[in-house]
Amino acid sequence: MSSLPASLPASLTVDLGALARNYHFLGTLTGRPVNPVVKADAYGLGAVQVARRLMAEGARTFFVARALEGMVLREALGSEPTIYVLDGAHGDNIRAIRAANLRPVINQPAQLEAWHQSGGGACGLQIDTAMNRLGYRVENAPEPFEGLELVMTHLACADEPSNPLNRQQRDAFNAVSQKYPGATRSFANSGGCFLGPDFGFDVVRPGICLYGGGPEGKPDARIAPVATLHAQVMQVRPVPVGETVGYSQGYRADTEITVATCGAGYADGIMRSNSPGGQVWIAGQLRPIIGRISMDVLAVDVTGLAVQAGDTVEIFGANRMVDDAATAAGTISYEMLTSITPRVPRLYVG
Ligand SMILES: *Cc1c(COP(=O)(O)O)cnc(C)c1O
(Lines give C-alpha, C1' and ligand atoms only; values in the text may rest on other atoms or scores of the structure.)
Protein backbone atom coordinates (compact mmCIF):
# COMPACT_ATOMS: atom_id res chain seq x y z
CA MET A 1 0.00 0.00 0.00
CA SER A 2 1.36 3.41 -0.90
CA SER A 3 2.22 5.69 1.96
CA LEU A 4 0.48 8.96 2.56
CA PRO A 5 2.05 12.13 3.91
CA ALA A 6 1.04 12.34 7.57
CA SER A 7 -0.68 15.67 7.06
CA LEU A 8 -3.18 14.45 4.46
CA PRO A 9 -6.28 12.75 5.85
CA ALA A 10 -7.58 12.25 2.30
CA SER A 11 -5.88 12.53 -1.06
CA LEU A 12 -6.53 11.66 -4.68
CA THR A 13 -3.51 10.22 -6.47
CA VAL A 14 -3.67 10.54 -10.25
CA ASP A 15 -1.43 8.21 -12.25
CA LEU A 16 -0.68 10.14 -15.44
CA GLY A 17 1.17 7.14 -16.86
CA ALA A 18 -1.99 5.05 -16.59
CA LEU A 19 -3.92 7.91 -18.21
CA ALA A 20 -1.46 7.85 -21.11
CA ARG A 21 -1.84 4.06 -21.46
CA ASN A 22 -5.62 4.36 -21.63
CA TYR A 23 -5.30 7.11 -24.23
CA HIS A 24 -3.08 4.97 -26.45
CA PHE A 25 -5.24 1.90 -25.89
CA LEU A 26 -8.34 3.73 -27.12
CA GLY A 27 -6.44 5.00 -30.14
CA THR A 28 -5.27 1.50 -31.01
CA LEU A 29 -8.69 -0.03 -30.34
CA THR A 30 -10.51 2.37 -32.64
CA GLY A 31 -7.77 3.25 -35.11
CA ARG A 32 -8.97 6.86 -34.81
CA PRO A 33 -7.53 10.06 -33.32
CA VAL A 34 -8.63 10.38 -29.70
CA ASN A 35 -10.11 13.77 -28.79
CA PRO A 36 -10.25 13.65 -24.99
CA VAL A 37 -13.23 14.97 -23.06
CA VAL A 38 -11.79 16.93 -20.13
CA LYS A 39 -14.98 18.56 -18.85
CA ALA A 40 -15.66 18.94 -15.12
CA ASP A 41 -11.93 19.30 -14.40
CA ALA A 42 -11.23 16.08 -16.29
CA TYR A 43 -13.83 14.20 -14.23
CA GLY A 44 -12.31 15.61 -11.06
CA LEU A 45 -8.73 14.53 -11.79
CA GLY A 46 -7.44 17.98 -12.78
CA ALA A 47 -8.03 19.20 -16.35
CA VAL A 48 -4.79 21.12 -16.70
CA GLN A 49 -2.52 18.28 -15.60
CA VAL A 50 -4.54 15.74 -17.56
CA ALA A 51 -4.67 17.77 -20.77
CA ARG A 52 -0.97 18.65 -20.57
CA ARG A 53 -0.07 14.99 -20.36
CA LEU A 54 -2.46 14.02 -23.14
CA MET A 55 -0.98 16.73 -25.35
CA ALA A 56 2.46 15.30 -24.68
CA GLU A 57 1.03 11.94 -25.79
CA GLY A 58 -0.28 13.46 -29.03
CA ALA A 59 -3.78 14.81 -28.36
CA ARG A 60 -4.55 18.04 -30.22
CA THR A 61 -8.31 18.46 -29.77
CA PHE A 62 -10.17 18.56 -26.45
CA PHE A 63 -13.79 18.87 -25.39
CA VAL A 64 -15.04 20.78 -22.35
CA ALA A 65 -18.62 21.46 -21.27
CA ARG A 66 -18.36 25.14 -20.37
CA ALA A 67 -16.61 28.17 -21.83
CA LEU A 68 -15.00 28.83 -18.45
CA GLU A 69 -13.42 25.39 -18.48
CA GLY A 70 -12.09 26.14 -21.94
CA MET A 71 -10.57 29.45 -20.84
CA VAL A 72 -8.66 27.75 -18.05
CA LEU A 73 -7.32 25.16 -20.47
CA ARG A 74 -6.37 27.72 -23.11
CA GLU A 75 -4.40 29.66 -20.52
CA ALA A 76 -2.56 26.52 -19.45
CA LEU A 77 -2.05 24.83 -22.82
CA GLY A 78 -1.25 27.79 -25.05
CA SER A 79 -2.60 28.46 -28.51
CA GLU A 80 -1.99 25.11 -30.17
CA PRO A 81 -4.80 22.75 -29.20
CA THR A 82 -8.35 22.98 -30.52
CA ILE A 83 -10.88 23.23 -27.69
CA TYR A 84 -14.59 22.61 -28.27
CA VAL A 85 -17.21 23.83 -25.80
CA LEU A 86 -20.08 21.34 -25.69
CA ASP A 87 -22.75 23.67 -24.36
CA GLY A 88 -22.18 25.97 -27.30
CA ALA A 89 -22.52 29.68 -27.89
CA HIS A 90 -25.05 31.39 -25.68
CA GLY A 91 -25.33 34.79 -24.05
CA ASP A 92 -22.18 36.20 -22.54
CA ASN A 93 -20.13 33.10 -22.99
CA ILE A 94 -19.60 34.02 -26.66
CA ARG A 95 -17.21 36.73 -25.53
CA ALA A 96 -15.26 34.22 -23.46
CA ILE A 97 -15.24 31.78 -26.38
CA ARG A 98 -13.80 34.43 -28.69
CA ALA A 99 -11.32 35.77 -26.16
CA ALA A 100 -9.89 32.30 -25.57
CA ASN A 101 -10.18 31.15 -29.19
CA LEU A 102 -12.50 28.26 -28.31
CA ARG A 103 -14.95 26.58 -30.66
CA PRO A 104 -18.59 26.35 -29.61
CA VAL A 105 -20.59 23.25 -30.46
CA ILE A 106 -23.73 24.84 -31.90
CA ASN A 107 -26.80 23.12 -30.49
CA GLN A 108 -29.78 25.08 -31.76
CA PRO A 109 -30.79 27.80 -34.25
CA ALA A 110 -30.55 30.63 -31.70
CA GLN A 111 -26.94 29.68 -31.02
CA LEU A 112 -26.11 29.60 -34.71
CA GLU A 113 -27.60 33.04 -35.16
CA ALA A 114 -25.79 34.45 -32.13
CA TRP A 115 -22.52 32.94 -33.31
CA HIS A 116 -22.90 34.42 -36.77
CA GLN A 117 -23.91 37.80 -35.37
CA SER A 118 -20.81 37.87 -33.21
CA GLY A 119 -18.68 37.28 -36.30
CA GLY A 120 -18.90 33.50 -36.78
CA GLY A 121 -15.84 31.37 -37.34
CA ALA A 122 -14.70 27.85 -36.56
CA CYS A 123 -17.26 25.85 -34.61
CA GLY A 124 -18.91 22.45 -34.25
CA LEU A 125 -22.49 21.31 -34.66
CA GLN A 126 -24.41 18.82 -32.56
CA ILE A 127 -27.19 16.73 -34.04
CA ASP A 128 -29.43 14.92 -31.56
CA THR A 129 -30.06 11.35 -32.66
CA ALA A 130 -31.71 9.98 -29.49
CA MET A 131 -30.94 11.88 -26.32
CA ASN A 132 -33.45 14.72 -26.64
CA ARG A 133 -31.00 16.75 -24.67
CA LEU A 134 -28.85 19.11 -26.74
CA GLY A 135 -28.59 19.46 -30.50
CA TYR A 136 -30.69 19.85 -33.62
CA ARG A 137 -33.20 17.17 -34.42
CA VAL A 138 -32.14 15.27 -37.54
CA GLU A 139 -35.04 16.61 -39.59
CA ASN A 140 -34.09 20.17 -38.61
CA ALA A 141 -30.37 19.83 -39.29
CA PRO A 142 -29.16 23.19 -40.65
CA GLU A 143 -27.73 23.76 -44.11
CA PRO A 144 -23.92 23.66 -44.19
CA PHE A 145 -22.45 27.00 -43.16
CA GLU A 146 -19.16 28.86 -43.11
CA GLY A 147 -16.88 27.86 -40.22
CA LEU A 148 -18.37 24.42 -39.61
CA GLU A 149 -15.43 22.16 -38.75
CA LEU A 150 -16.99 19.29 -36.80
CA VAL A 151 -20.33 17.53 -36.65
CA MET A 152 -21.17 15.27 -33.74
CA THR A 153 -23.87 13.37 -31.93
CA HIS A 154 -23.93 11.54 -28.62
CA LEU A 155 -24.85 7.95 -27.81
CA ALA A 156 -27.62 7.38 -25.28
CA CYS A 157 -26.83 3.74 -24.42
CA ALA A 158 -23.19 3.15 -25.32
CA ASP A 159 -22.75 1.19 -22.08
CA GLU A 160 -25.18 -1.43 -23.43
CA PRO A 161 -23.44 -2.86 -26.50
CA SER A 162 -26.41 -4.94 -27.61
CA ASN A 163 -28.95 -2.13 -27.38
CA PRO A 164 -30.33 -1.64 -30.93
CA LEU A 165 -30.47 2.11 -30.33
CA ASN A 166 -26.69 2.23 -30.84
CA ARG A 167 -27.03 1.03 -34.41
CA GLN A 168 -30.00 3.29 -35.04
CA GLN A 169 -27.98 6.28 -33.87
CA ARG A 170 -25.01 5.24 -35.99
CA ASP A 171 -27.21 4.98 -39.08
CA ALA A 172 -28.99 8.26 -38.38
CA PHE A 173 -25.67 10.03 -37.87
CA ASN A 174 -24.17 8.44 -40.93
CA ALA A 175 -27.05 9.74 -43.02
CA VAL A 176 -27.28 13.25 -41.60
CA SER A 177 -23.53 13.84 -41.59
CA GLN A 178 -23.45 13.38 -45.40
CA LYS A 179 -24.85 16.87 -45.50
CA TYR A 180 -21.54 18.25 -44.18
CA PRO A 181 -18.84 16.67 -46.34
CA GLY A 182 -16.11 19.04 -45.16
CA ALA A 183 -16.69 18.52 -41.43
CA THR A 184 -14.91 16.04 -39.15
CA ARG A 185 -17.42 13.51 -37.79
CA SER A 186 -17.32 12.71 -34.07
CA PHE A 187 -19.62 10.01 -32.70
CA ALA A 188 -18.19 7.68 -30.07
CA ASN A 189 -17.81 8.39 -26.37
CA SER A 190 -15.97 5.78 -24.28
CA GLY A 191 -18.61 3.08 -24.69
CA GLY A 192 -18.86 3.85 -28.39
CA CYS A 193 -15.14 3.12 -28.82
CA PHE A 194 -15.89 -0.53 -28.02
CA LEU A 195 -18.82 -0.98 -30.40
CA GLY A 196 -16.78 -1.73 -33.52
CA PRO A 197 -15.13 0.04 -36.44
CA ASP A 198 -18.33 1.36 -38.01
CA PHE A 199 -18.99 3.33 -34.83
CA GLY A 200 -15.66 5.17 -35.01
CA PHE A 201 -16.37 7.74 -37.75
CA ASP A 202 -13.48 10.24 -38.00
CA VAL A 203 -12.45 10.96 -34.40
CA VAL A 204 -13.50 9.47 -31.06
CA ARG A 205 -14.46 11.48 -27.98
CA PRO A 206 -13.96 9.44 -24.81
CA GLY A 207 -13.96 10.60 -21.21
CA ILE A 208 -14.45 7.98 -18.53
CA CYS A 209 -12.23 5.27 -20.02
CA LEU A 210 -9.31 7.68 -20.05
CA TYR A 211 -9.84 8.12 -16.33
CA GLY A 212 -10.07 4.45 -15.40
CA GLY A 213 -13.78 3.70 -15.58
CA GLY A 214 -14.95 0.74 -17.65
CA PRO A 215 -17.10 1.31 -20.76
CA GLU A 216 -20.03 -0.64 -19.34
CA GLY A 217 -20.12 0.62 -15.77
CA LYS A 218 -17.99 -2.22 -14.50
CA PRO A 219 -14.25 -2.79 -14.44
CA ASP A 220 -12.68 -3.71 -17.77
CA ALA A 221 -9.25 -5.35 -17.67
CA ARG A 222 -8.15 -3.32 -20.71
CA ILE A 223 -8.62 -0.01 -18.86
CA ALA A 224 -5.99 0.91 -16.28
CA PRO A 225 -7.08 2.47 -12.99
CA VAL A 226 -5.95 6.10 -12.92
CA ALA A 227 -7.32 7.68 -9.76
CA THR A 228 -6.80 6.37 -6.23
CA LEU A 229 -8.64 7.89 -3.31
CA HIS A 230 -6.79 7.31 -0.05
CA ALA A 231 -7.91 8.14 3.45
CA GLN A 232 -5.77 7.98 6.51
CA VAL A 233 -6.75 6.02 9.61
CA MET A 234 -7.04 8.64 12.32
CA GLN A 235 -8.01 6.46 15.25
CA VAL A 236 -8.57 2.77 15.95
CA ARG A 237 -10.94 1.79 18.75
CA PRO A 238 -12.72 -1.25 20.12
CA VAL A 239 -16.51 -0.92 20.22
CA PRO A 240 -18.13 -3.05 22.95
CA VAL A 241 -21.15 -5.22 22.27
CA GLY A 242 -24.38 -3.24 22.17
CA GLU A 243 -22.79 0.15 21.54
CA THR A 244 -23.36 2.10 18.37
CA VAL A 245 -21.17 3.90 15.86
CA GLY A 246 -21.71 7.38 14.46
CA TYR A 247 -24.70 9.65 14.01
CA SER A 248 -28.19 8.34 14.59
CA GLN A 249 -26.74 5.10 15.96
CA GLY A 250 -26.28 4.12 12.35
CA TYR A 251 -24.52 0.87 13.26
CA ARG A 252 -24.93 -1.34 16.32
CA ALA A 253 -22.21 -3.79 17.39
CA ASP A 254 -23.68 -7.27 17.92
CA THR A 255 -20.23 -8.52 18.85
CA GLU A 256 -17.22 -6.55 19.96
CA ILE A 257 -15.64 -5.01 16.86
CA THR A 258 -12.68 -2.81 16.07
CA VAL A 259 -13.40 0.40 14.21
CA ALA A 260 -10.95 2.50 12.22
CA THR A 261 -12.04 6.11 11.86
CA CYS A 262 -10.74 7.34 8.49
CA GLY A 263 -10.25 10.93 7.31
CA ALA A 264 -12.70 11.17 4.44
CA GLY A 265 -16.34 12.18 4.61
CA TYR A 266 -19.10 13.62 2.51
CA ALA A 267 -17.36 17.00 2.43
CA ASP A 268 -14.60 15.20 0.54
CA GLY A 269 -17.14 13.75 -1.85
CA ILE A 270 -17.73 10.38 -0.22
CA MET A 271 -21.48 10.48 -0.47
CA ARG A 272 -23.56 9.22 2.43
CA SER A 273 -24.96 6.60 0.09
CA ASN A 274 -21.60 4.80 0.45
CA SER A 275 -22.92 3.32 3.69
CA PRO A 276 -24.23 0.78 4.27
CA GLY A 277 -22.88 -1.32 1.44
CA GLY A 278 -19.58 0.40 0.73
CA GLN A 279 -16.22 -1.25 1.26
CA VAL A 280 -12.66 0.00 1.41
CA TRP A 281 -9.38 -1.77 0.84
CA ILE A 282 -7.26 -1.98 3.96
CA ALA A 283 -4.39 -4.26 4.98
CA GLY A 284 -4.91 -6.41 1.92
CA GLN A 285 -8.67 -6.91 2.27
CA LEU A 286 -11.99 -5.29 1.52
CA ARG A 287 -13.69 -4.18 4.73
CA PRO A 288 -17.16 -2.63 5.20
CA ILE A 289 -17.87 1.02 5.84
CA ILE A 290 -20.25 1.05 8.81
CA GLY A 291 -22.67 3.61 10.21
CA ARG A 292 -23.41 7.01 8.76
CA ILE A 293 -20.72 8.80 6.84
CA SER A 294 -19.91 12.10 8.54
CA MET A 295 -18.73 15.31 6.98
CA ASP A 296 -15.05 14.62 7.66
CA VAL A 297 -14.73 10.96 8.61
CA LEU A 298 -16.09 7.52 7.97
CA ALA A 299 -15.87 4.33 10.01
CA VAL A 300 -14.55 0.98 8.81
CA ASP A 301 -14.89 -2.37 10.57
CA VAL A 302 -11.30 -3.59 10.86
CA THR A 303 -11.92 -6.32 13.41
CA GLY A 304 -9.07 -8.81 13.44
CA LEU A 305 -6.75 -6.72 11.31
CA ALA A 306 -3.46 -5.24 12.44
CA VAL A 307 -4.38 -1.65 11.68
CA GLN A 308 -3.18 1.48 13.42
CA ALA A 309 -3.53 5.22 13.20
CA GLY A 310 -1.53 6.54 10.26
CA ASP A 311 -2.28 3.56 8.02
CA THR A 312 -4.14 4.25 4.80
CA VAL A 313 -7.29 2.84 3.30
CA GLU A 314 -8.13 2.86 -0.38
CA ILE A 315 -11.67 4.01 -1.10
CA PHE A 316 -11.14 3.35 -4.80
CA GLY A 317 -8.09 2.59 -6.93
CA ALA A 318 -6.27 -0.48 -8.18
CA ASN A 319 -7.63 -2.71 -5.39
CA ARG A 320 -11.15 -1.33 -5.27
CA MET A 321 -12.09 -0.37 -8.79
CA VAL A 322 -13.99 2.89 -9.06
CA ASP A 323 -16.84 1.15 -10.90
CA ASP A 324 -17.30 -1.31 -8.03
CA ALA A 325 -17.09 1.42 -5.41
CA ALA A 326 -19.67 3.43 -7.35
CA THR A 327 -22.02 0.49 -7.78
CA ALA A 328 -21.89 -0.22 -4.04
CA ALA A 329 -22.88 3.40 -3.43
CA GLY A 330 -25.76 3.25 -5.89
CA THR A 331 -24.09 5.49 -8.43
CA ILE A 332 -21.69 5.45 -11.41
CA SER A 333 -17.96 6.02 -11.74
CA TYR A 334 -18.56 9.42 -13.36
CA GLU A 335 -20.41 10.72 -10.33
CA MET A 336 -17.99 9.15 -7.87
CA LEU A 337 -15.03 10.87 -9.55
CA THR A 338 -16.63 14.26 -10.14
CA SER A 339 -17.91 14.35 -6.55
CA ILE A 340 -14.43 14.46 -5.02
CA THR A 341 -14.29 17.99 -3.66
CA PRO A 342 -11.52 20.59 -3.93
CA ARG A 343 -10.64 19.94 -0.28
CA VAL A 344 -8.95 16.71 -1.38
CA PRO A 345 -5.41 17.37 -2.64
CA ARG A 346 -4.61 15.86 -6.05
CA LEU A 347 -1.22 14.19 -6.17
CA TYR A 348 0.29 13.41 -9.57
CA VAL A 349 2.50 10.42 -10.27
CA GLY A 350 3.67 8.62 -13.40
C1 LIG B 1 -19.35 13.60 -21.37
C2 LIG B 1 -19.47 13.45 -22.83
C3 LIG B 1 -18.61 12.58 -23.54
C4 LIG B 1 -17.68 11.59 -22.87
O5 LIG B 1 -18.45 10.51 -22.41
P6 LIG B 1 -17.79 9.23 -21.71
O7 LIG B 1 -18.95 8.33 -21.52
O8 LIG B 1 -17.24 9.72 -20.42
O9 LIG B 1 -16.76 8.71 -22.60
C10 LIG B 1 -18.66 12.59 -24.92
N11 LIG B 1 -19.54 13.40 -25.57
C12 LIG B 1 -20.40 14.22 -24.93
C13 LIG B 1 -21.35 15.06 -25.70
C14 LIG B 1 -20.41 14.26 -23.54
O15 LIG B 1 -21.28 15.06 -22.91
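Conventions we followed
Residues numbered from 1 in each chain as written. Predicted model: local features only at pLDDT ≥ 70, side-chain atom pairs only at ≥ 80, totals over all residues. Heavy atoms only, no water. Salt bridge = Lys/Arg side-chain N within 4 Å of Asp/Glu carboxyl O. Buried < 20%, exposed > 50% of the residue type's maximum accessible area, 1.4 Å probe, protein only. Phe/Tyr/Trp six-rings, centres within 6.5 Å; stacked < 30°, edge-to-face > 60°. Helix = DSSP H or I, 4+ residues; strand = E, 2+ residues; numbered from the N terminus. Lys NZ or Arg CZ within 6 Å of the ring centre and 35° of its normal. Disulfide = S-S within 2.5 Å.

1. Some details on the pattern of salt bridges
Side chains carrying opposite charge are able to pair once their charged atoms draw close together.
So, point 1. Enumeration according to the criterion identifies 13 salt bridges in this entry.
So, point 2. Notably, a salt bridge pairs Arg-170 with Asp-171, separated by 3.0 Å at the nearest N-O pair.
So, point 3. A residue is classified by how much of its surface remains accessible, and Asp-171, at 43% relative accessible area, is partly exposed.
So, point 4. With its nearest N and O atoms 2.4 Å apart, the salt bridge here joins Asp-198 to Arg-170.

2. Examining the packing of aromatic side chains
So, point 1. Inspection of every chain in the model, using the stated rule, returns eight aromatic pairs.
So, point 2. Pairing Phe-187 with Phe-201 gives two aromatic rings, centres 5.0 Å apart and planes at 50°, and the pair type is tilted. With Phe-187 in the loop between β8 (184-186) and α8 (190-193) and Phe-201 in the loop between α8 and β9 (227-239), this pair connects stretches of sequence that are 14 residues apart.
So, point 3. Taking relative accessible area as the criterion, Phe-201 reaches 8% and is therefore assigned buried.
So, point 4. Site record: aromatic cluster; members linked through ring pairs are Phe-173, Phe-187, Phe-199 and Phe-201.
So, point 5. Just above the ring of Phe-63 sits the side chain of Arg-205; from NZ or CZ to the centre is 5.8 Å.

3. Quick word on the state of the cysteines
So, point 1. All told, the structure shown has zero disulfides when counted by the stated rule.
So, point 2. In this model Cys-193 remains outside any disulfide bridge; the closest cysteine sulfur is found in Cys-209, 7.1 Å from its own.
So, point 3. Looking at Cys-193, the relative accessible area reads 5%, which means it is buried.
So, point 4. Given the relative accessible area of 0%, Cys-209 is considered buried.

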